[in-house]
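The lines below spell out each chain.
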2 protein chains.
Amino acid sequence: MEILNVELGERSYPIHIGPGEAARAECFTPVLEGRRVAVVTNSTVGPLYGERLRASLAAAGVRDEPLWIELPDGESHKSLATVEQILTRLLEARFDRGSRIVALGGGVVGDIAGFAAAIYQRGIHFVQVPTTLLAQVDSSVGGKTGVNHPLGKNMIGSFHQPRAVVIDTDSLQSLPTRELRAGLAEVIKYGLMQDADFFAWLEEHLDRLLALEPEALAHAIRRSCACKAEVVAADERESGRRALLNLGHTFGHAIETGMGYGAWLHGEAVGTGMAMAARMSARMGWLAPADAARAEALIHRAGLDTYPPAELDAARFRELMGIDKKVSEGRLRLVLLRGLGAAELTADFDDNALQHTLDETARAA
Amino acid sequence: MEILNVELGERSYPIHIGPGEAARAECFTPVLEGRRVAVVTNSTVGPLYGERLRASLAAAGVRDEPLWIELPDGESHKSLATVEQILTRLLEARFDRGSRIVALGGGVVGDIAGFAAAIYQRGIHFVQVPTTLLAQVDSSVGGKTGVNHPLGKNMIGSFHQPRAVVIDTDSLQSLPTRELRAGLAEVIKYGLMQDADFFAWLEEHLDRLLALEPEALAHAIRRSCACKAEVVAADERESGRRALLNLGHTFGHAIETGMGYGAWLHGEAVGTGMAMAARMSARMGWLAPADAARAEALIHRAGLDTYPPAELDAARFRELMGIDKKVSEGRLRLVLLRGLGAAELTADFDDNALQHTLDETARAA
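Cut-offs applied
Residues numbered from 1 in each chain as written. Chains lettered and ligands numbered in written order. Predicted model: local features only at pLDDT ≥ 70, side-chain atom pairs only at ≥ 80, totals over all residues. Heavy atoms only, no water. Helix = DSSP H or I, 4+ residues; strand = E, 2+ residues; numbered from the N terminus. Expected span 1.5 Å × (residues − 1). Bend = angle between axes of the 7 residues up to and from the residue. Buried < 20%, exposed > 50% of the residue type's maximum accessible area, 1.4 Å probe, protein only. Contact = heavy atoms within 4.5 Å. Pairing = 2+ DSSP bridges. Axes fitted to C-alpha atoms, helices over the stretch in contact; angles between N-to-C directions. pLDDT = per-residue confidence, 0-100.

## Considerations on helix H7 (residues 196-210) of chain B
All names here are of chain B.
Alright, step 1. Compared with the 21 Å implied by 1.5 Å per residue over 15 residues, the 20 Å span of H7 between its first and last C-alpha is a close match.
Alright, step 2. Largest kink in H7: about 60 degrees, centred on glutamate 204.
Alright, step 3. If you check which residues of H7 are buried, you get Phe198, Phe199, Trp201, Leu202, His205, Leu206 and Leu209.
Alright, step 4. Along its buried surface, H7 packs onto helix H6 (177-194), helix H8 (214-234) and helix H11 (289-301).
Alright, step 5. Where H7 ends, the next residue or the one after it, leucine 212, has phi of about 60 degrees, a positive value.

Here is the structure:
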């Protein structure tokens, strides 16, 4: 087991990483001992890992039996109405400002439960127990919480840091392969954006990650969380450097939206978006062609597509990226690569390079 | 005009106080220039002060015509559903993270609009333009935002500091007398809790406040806001000293709840609660009887009741304060007075003094 500290002054918190972490009461005691606790989970994860968590909460000395709130699975429940249901349950159980929430599940559960914690009686402490690779390396670090609105994803929310994150790599053993690959896209992202050594490590050890070797998983998660924690500590409110975390995301969001939410997993779209960013960077002369090829190769080995779907032609892609006639290109900012491990945000990109990149779809490739 | 700065590090903000402040574009320019702005107000205040505000926003150089969101008047609309309606309007108008909200109205409007600002795209900046005395001296300072839940008042919310507060004393000229008196209760509270000089000033100048003299109002508001700002700066998240702001509130909440929400204004109940706290403090030997009499006299001169209504006997009062058989008295904490200007939070109070205080209702007095 390893502990990584996210340095945010009085809002600093530890991330515990390793096999069996969710069974270790010590991970929970500092935040939960003597407190009333609500566990927010979903109908898929709750039955798999609920009992293990229940036992460690008891061993951590929580007050009373935890209040168990099991949401239906799926992003369609990531709404203000679900948050209100959670708040009602907390009020009915007379939870006060000293009570705590534990989020057990993937990114959707963490975002919902974290937001409920952010606005219950103006904020109560919470602990993240992320069970998917994507949530472990991305959404559990950084304090973004929130829900969707019918008019847009993640449009309602707060910055609310957890008091602890407990990452149990055992929970990845039951993760569907497709979700593992989607999570690997975000892992690769950290190497590409700011850590060339980690990128090289991933080239060497990707097969161990795909084989779910606990030691390799723990290392990759720790490095990913360390990268993200460093960026978040430098820019908690996303005014500058944090934008680099969006590497691959502008292209990726266009794919997700264009194909209909749910058709592509977020991580799958980000993987393809990163390959596109790498090719575009090479076209602009920012990135050596050999390095772009290394990026593409690693994304491909992780089982992710490197070209966007043929259904999305360049005109539609531009529309989805918000570049229509009413918006000058100058307003769009893209995260591109100056090298492996060296992402840069720019509004000053070559539109021809963009056009070429959008023209190459899975059909053309 | 005067400017008071609330010192909260990077979240510091100015409070502008004086007659005609809402007509001065300079109060708004630093936060709103070049920005898209939504004005949240209600159907009572909007028609009275909307045009004046609209003119100063235009002069402050906001981008586009403001989005005007007029809520129905009344606390019954202080709900998550109303916040969701505001968020929908903002999304329909494609407001982004650089857009701003201006809250024009009393405490209810400020709490709702501030909470919408807190959770729209994880937080956008907002400006408070409070139009009631209560909102000017209390809810506009300190960053508490939120709405009611059917199971409890202010149970859903965030701490979200405004970027500026603009207090136009002209808006008090049209305030109903009853609301003026309710606001004076909170003004008197600051003197009682921590500022003996201000208390003495109020004894001397209360009639000028009741006559709505602009200069006296501006002074009383400035001193009140300065008291609150000092407390908030020392304890932004309400873990310690901020609790002293609840002087008169534990008794007051019991009256509000016991008489049915809306029957007593919040400030009216706080005024009575402070008189009760003063008498109880004197009974415990904490406060000189002459000082308790001065406190009662000032509250009375402000047009506020100094005894609780006869309908609430001591048993019912205890129940409303949460002191039933299941909860030991030790758990209740009360803010009492060690002197004029010297409030103290204590769980170690004399239950006989409490019983005596509860026994004296308006009928008995």
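## Observations regarding the sheet that holds strand S1 (residues 2-6) of chain B
All names here are of chain B.
Alright, step 1. Reading across from one edge, S1-S2-S9-S6-S5-S3-S4 is the order of the seven strands in this open sheet, with mixed pairing throughout. Of all the strands in the sheet, the pair left with one neighbour each is S1 and strand S4 (67-71). Averaged over all neighbouring strand pairs, the angle between strand axes comes to 15 degrees, with direction disregarded.
Alright, step 2. Strand direction decides the pairing type here: strand S3 (residues 37-42) and strand S5 (residues 100-105), joined by four bridges, are parallel. Along S5, the bridge assignment pairs valine 39 with valine 102.
Alright, step 3. Across the sheet, helix H3 (residues 80-92) is in contact with S3, S4 and S5; its angle to S4 comes to roughly 165 degrees.
Alright, step 4. Here H8 sits on the sheet in contact with S1, strand S2 (13-18) and strand S9 (164-168), set at roughly 10 degrees to S1.

## Here's the deal with the confidence of the model for chain A
Alright, step 1. Of the residues in chain A, 96% reach a pLDDT of 70 or more, and the chain-wide mean stands at 93.
Alright, step 2. Scored below 50 in pLDDT, residues 324-330 of chain A shows five contacts in the model against residues more than four places distant or in partner chains.

## Re the environment of Ala278(B)
All names here are of chain B.
Alright, step 1. If you trace the backbone, alanine 278 turns up in helix H10 (residues 266-283).
Alright, step 2. You can call alanine 278 buried: its relative accessible area is 0%.
Alright, step 3. For the pair alanine 278 and alanine 254, spaced 24 residues apart in the sequence, the C-alpha separation amounts to 17 Å.
Alright, step 4. Filtering out sequence-adjacent residues up to four positions away, alanine 278 remains in contact with Leu287, Ala292, Ala295 and Leu337.

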